[in-house]
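# Observations on the model geometry
The lines below spell out each chain.
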Amino acid sequence: MNGRNPEHRILRQSRYLLSLALALPAVALAGEVTLTGEGSVRYEPDSARLQFTASAEHALPQKATERVAELMSQWRDRITDYRDRLNDYSDATVNLYTRMIPAPERGEDPEKQAVASQTISFSISDLSLLNPLLREAQAVGLDYQLGPHQFFHSDETGMEQEALARAIADAQARCRFVASRLDQTCGDVVTININGGHRPVPMMMSEAKSMSDTVSSVGEREIRASVSATFELE
């Protein structure tokens, strides 16, 4: 009975070493934690991209283009005081085409109508110019559409970077919290992935509100960012 004790002890030690070796991968995996971090920045736009169109119709193409030229002349005269504050100004887009008007009576030939138009586009970095420019466009009779997508911030790149920085800081804070609950510390970053883009999102109930002749509120925007990071636990 006593003669088998050494062999028995060796067998028990072998089993222990084998179980320890099998447990090592789990210990290694437990030394890392993967989590996400989120960050956002809220701001109000300070700039806008605008587009107006002067258009006219006439049976004769020349008359239609002359009418558009008159509208453009009026527009240029009325914005003289603002012209040097309009960025990337262009009014070189001109269009002329003919459309058919159905005959009022059966058996009659459809009429040809010439349609001429000229598009004006520019941006402004001072939103105090917005309503005065809209009133000038309305006085001349220019067509335009104004929506939330036309407003932006002059430093959106900086806003995106700030949102990303907050997402990274959030991931680090979560790692420190998890590590503290495990009586460990948050170590180096093993991997990090930036999830998605940083497209500005108009906040609900705060979009641009257009009245008959003015814009009362542009509204707040939000840029969001998120990251997925794996940290070592020490």
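Residues numbered from 1 in each chain as written. Predicted model: local features only at pLDDT ≥ 70, side-chain atom pairs only at ≥ 80, totals over all residues. Heavy atoms only, no water.

## Focus on the overall build of the protein chain
A count of helical and extended segments in the protein chain gives four helices and 11 strands. Sequence-distant contacts, at least 24 apart, represent 79% of the contacts inside the protein chain between residues at least 6 apart. (Helix = DSSP H or I, 4+ residues; strand = E, 2+ residues; numbered from the N terminus. Contact = heavy atoms within 4.5 Å.)

## Considerations on a nonpolar patch on the surface
Together, Ile168, Val189 and Ile192 line one region of the surface with nonpolar side chains, adding up to about 220 Å² of accessible area. The topology assignment puts Val189 in strand β7 (residues 186–195). (Patch = residues over 30% accessible without salt bridge, like charges linked within 9 Å, V, L, I, M, F, W, Y side chains within 5 Å. Areas by Shrake-Rupley, 256 points an atom, 1.4 Å probe, with all protein chains shown as cover. Salt bridge = Lys/Arg side-chain N within 4 Å of Asp/Glu carboxyl O.)

## Regarding helix α4 (residues 156–181)
Taking 1.5 Å of rise per residue, 26 residues should cover 38 Å, and α4 covers 38 Å from first to last C-alpha, within 8% of that figure. Listing the buried residues of α4 in full gives Glu156, Met159, Ala163, Leu164, Ala167, Ala171, Cys175 and Ala179. Packed against the buried residues of α4 are β1 (32–43), β6 (151–152), β7 and β11 (221–233). Note on α4: the residue one or two positions beyond its end, Asp183, has a positive phi of about 55 degrees. (Expected span 1.5 Å × (residues − 1). Buried < 20%, exposed > 50% of the residue type's maximum accessible area, 1.4 Å probe, protein only.)

## Focus on the nonpolar core
Phe52, Trp75, Phe122, Ile124 and Leu133 are the most contacted members of the largest nonpolar core, which totals 29 residues. The set of elements that each furnish at least two residues to this core consists of β2 (47–58), α2 (61–78), β4 (111–124) and α3 (130–140). Leaving out residues up to four positions away in the same chain, Phe52 has contacts with Trp75, Gln118, Thr119, Ile120, Phe122, Leu133, Leu134, Ala137, Leu142, Asp143 and Tyr144. Leu35, Met159, Ala167 and Cys175 belong to the second-largest nonpolar core, a separate cluster that totals 17 residues. (Core = buried A, V, L, I, M, F, W, Y, C linked by side-chain atoms within 4.5 Å.)

## Some points on the confidence of the model for the protein chain
Chain-level statistics for the protein chain give a pLDDT mean of 84 and a share of 79% at 70 or above. Considering each helix and strand of the protein chain separately, the mean pLDDT is smallest for strand β9 (residues 209–210), with a value of 40, and largest for α2, with 96. Every residue in residues 20–29 scores below 50 in pLDDT, and together they form zero contacts with partners more than four places removed in sequence or on other chains. Across residues 204–211 the pLDDT falls below 50, and counting only partners more than four positions away or on other chains, this stretch makes 16 contacts in the model. (pLDDT = per-residue confidence, 0-100.)

## Focus: the pairing of β4
The buried fraction of β4 amounts to 11 of the 14 residues, a majority that puts the element mostly inside the structure. In terms of strand pairing, β2 meets β4 through 11 bridges, oriented antiparallel. Across the sheet, Arg49 pairs through a bridge with Ser123, a residue of β4. When strand β3 (residues 87–101) meets β4, the two strands line up antiparallel, connected through 11 bridges. If you follow Tyr97 over to β4, its bridge partner there is Val115. (Pairing = 2+ DSSP bridges.)

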